[in-house]
Amino acid sequence: MTVEGLPMAVPAAGLPARVRIHEVGARDGLQNEKSTVPTEVKAEFVRRLAAAGLTTIEATSFVHPKWVPQLADAEQLFPLVGDLDGVHLPVLVPNDRGLDRALALGARRIAVFASATESFAKANLNRTVDEALAMFEPVVTRAKAADAHVRGYLSMCFGDPWEGAVPVPQVVRVCRALVDMGCDELSLGDTIGVATPGHVTALLAALEEAGIPVAAVGVHFHDTYGQALANTYAALQRGVTTVDASAGGLGGCPYAKSATGNLATEDLVWMLRGLGIDTGVDLDRLVATSAWMAEQLGRPSPSRTVRALSHKEQ
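Residues numbered from 1 in each chain as written. Predicted model: local features only at pLDDT ≥ 70, side-chain atom pairs only at ≥ 80, totals over all residues. Heavy atoms only, no water.

1. Considering the overall build of the protein
Thought 1: Each helix and strand in the protein was counted, giving twelve helices and nine strands.
Thought 2: Its C-alpha radius of gyration of 18 Å places the protein within 12% of the 20 Å reference for a compact globule of 314 residues.
Thought 3: Once the C-alpha set of the protein is aligned to its principal axes, its extents read approximately 55 × 45 × 35 Å.
Thought 4: The proportion of buried residues among the 314 residues of the protein is 56%.
Thought 5: For the protein, the share of sequence-separated contacts (at least 6 apart) that also reach a separation of at least 24 residues comes to 77%.
Thought 6: For the protein, the exposed surface amounts to about 12,700 Å²; the carbon and sulfur share of it is 54%.
Thought 7: One way to put it: in the protein the 27 positive side-chain charges average out to a point 3 Å from where the 35 negative ones average out. (Helix = DSSP H or I, 4+ residues; strand = E, 2+ residues; numbered from the N terminus. Rg over C-alpha atoms; globule rule 2.2 N^0.38 Å. Buried < 20%, exposed > 50% of the residue type's maximum accessible area, 1.4 Å probe, protein only. Contact = heavy atoms within 4.5 Å. Areas by Shrake-Rupley, 256 points an atom, 1.4 Å probe, with all protein chains shown as cover. Lys, Arg positive; Asp, Glu negative; His and termini not counted. Charge placed at Lys NZ, Arg CZ, Asp CG, Glu CD.)

So this is what it looks like as structure tokens:
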């Protein structure tokens, strides 16, 4: 349980007043589990996250069950959480069939997932970067025609386990293509967690120079080398107001074995609270939710904030 007045709020100049957290634990977190979590537990997880004040919770993925068996229950799960008032429930779709399945259930926030590198595009989508973009274009067009909000995920923005460093112009090119096909929002993925703050700043500056407004950009950092919060701070300094995070630090990437957990939502909220930045999240309820989910998974949460605050309760 948090202690009254901690962390002390000490605002820093030039940072946004509010940040929207794009919670990915129920999708990006659980898709990397070795065992399948029961549908009812997933639904309860989403509901508890909403009760903690999170207003954007990525619910599931309409990828073929063969590729992500942990999320094969998308049709069963979505109706169990679709009635949450004031909560956006984005879902991943890989192609037209996935879009059909999502729209049929009433989903109106869609995400497609591209790659900044050829190696990861081949591993994740079995296509080249340009072939994947060509596959997504009609999906985005149809989603927009259905009045859906479309997010474009871009993996390997800062480094690739096969190719190494990823040139900034290479990332900007794919971002520009996603925006041009109609994506409302981009999420820049540090899939293997190798970014550092200077690299984050350089990429965001290059995107602005390419005409992509910072308001349309979110960031998605993995904490492989302990840089996720530092990278988030650098993004905030450039005006980013959407940050992806995963309750309890769940997740990784099934197609990149060197990718460890996402930035923990609790760790993010603790930092933002200390900076005087509003998130609308009740940290105690969020910690309790992640501790509960860790029990369901049979292991402790990797989030430092969850561990610290759970310890104080004992």
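Here the narrative resumes, following the displayed structure.
2. Describing unusual backbone geometry
Thought 1: Cis geometry marks the peptide bond from L6 to P7, where omega comes out at -10 degrees.
Thought 2: Among the secondary structure elements, P7 is positioned in the segment before β1 (20-23).
Thought 3: Phi at N126 is positive, roughly 55 degrees, even though this residue is not glycine.
Thought 4: Relative to the elements of secondary structure, N126 occurs in the loop between α5 (118-125) and α6 (129-145).
Thought 5: Of note, the phi angle at D147 is positive, near 60 degrees, even though the residue is not glycine.

3. Concerning the confidence of the model for the protein
Thought 1: Per-residue confidence for the protein averages 94 on the pLDDT scale, and 96% of its residues sit at or above 70.
Thought 2: Scored below 50 in pLDDT, residues 253-259 shows 22 contacts in the model against residues more than four places distant or in partner chains. (pLDDT = per-residue confidence, 0-100.)

4. Points about the side chain of E33
Thought 1: Along the chain, E33 falls in the loop between α1 (25-29) and α2 (39-51).
Thought 2: By relative accessible area, which is 7% here, E33 ends up buried.
Thought 3: Once residues within four sequence positions are removed from consideration, E33 is found in contact with Q70, L250, L297 and R299.

5. What to know about the packing of helix α9 (residues 228-237) against helix α10 (residues 265-274)
Between two packed helices, what matters for the description is the angle formed by their axes and the separation of those axes.
Thought 1: In contact at an axis separation of 11 Å, α9 and α10 are set at 50 degrees when each is read in the N-to-C sense. Taken together, the axis directions place α9 and α10 in an arrangement best described as oblique. Crossing of α9 against α10: the hand is right-handed. Here L229, T232, Y233 and L236 of α9 lie close against α10, whose contacting residues are D267, L268, M271 and L272.
Thought 2: Taken together, the residues of the contact of α9 with α10 break down into six nonpolar, one polar and one charged. (Axes fitted to C-alpha atoms, helices over the stretch in contact; angles between N-to-C directions. Parallel < 35°, antiparallel > 145°, perpendicular 65-115°, else oblique. Left-handed = near helix turned anticlockwise from the far one by under 90°. Nonpolar A, V, L, I, M, F, W, Y, C, P; charged D, E, K, R; others polar.)

6. Quick look at helix α8 (residues 197-209)
Thought 1: Over its 13 residues, α8 runs 18 Å from end to end, which matches the ideal 18 Å to within 8%, given 1.5 Å per residue.
Thought 2: Turning to α8, its buried residues are V200, L203, L204, A205, A206 and L207.
Thought 3: Each element contacted by the buried residues of α8 is listed here: α7 (168-180), β7 (185-190), β8 (217-221) and α9.
Thought 4: Directly beyond the C-terminal end of α8, a positive phi value near 90 degrees is found at G211. (Expected span 1.5 Å × (residues − 1).)

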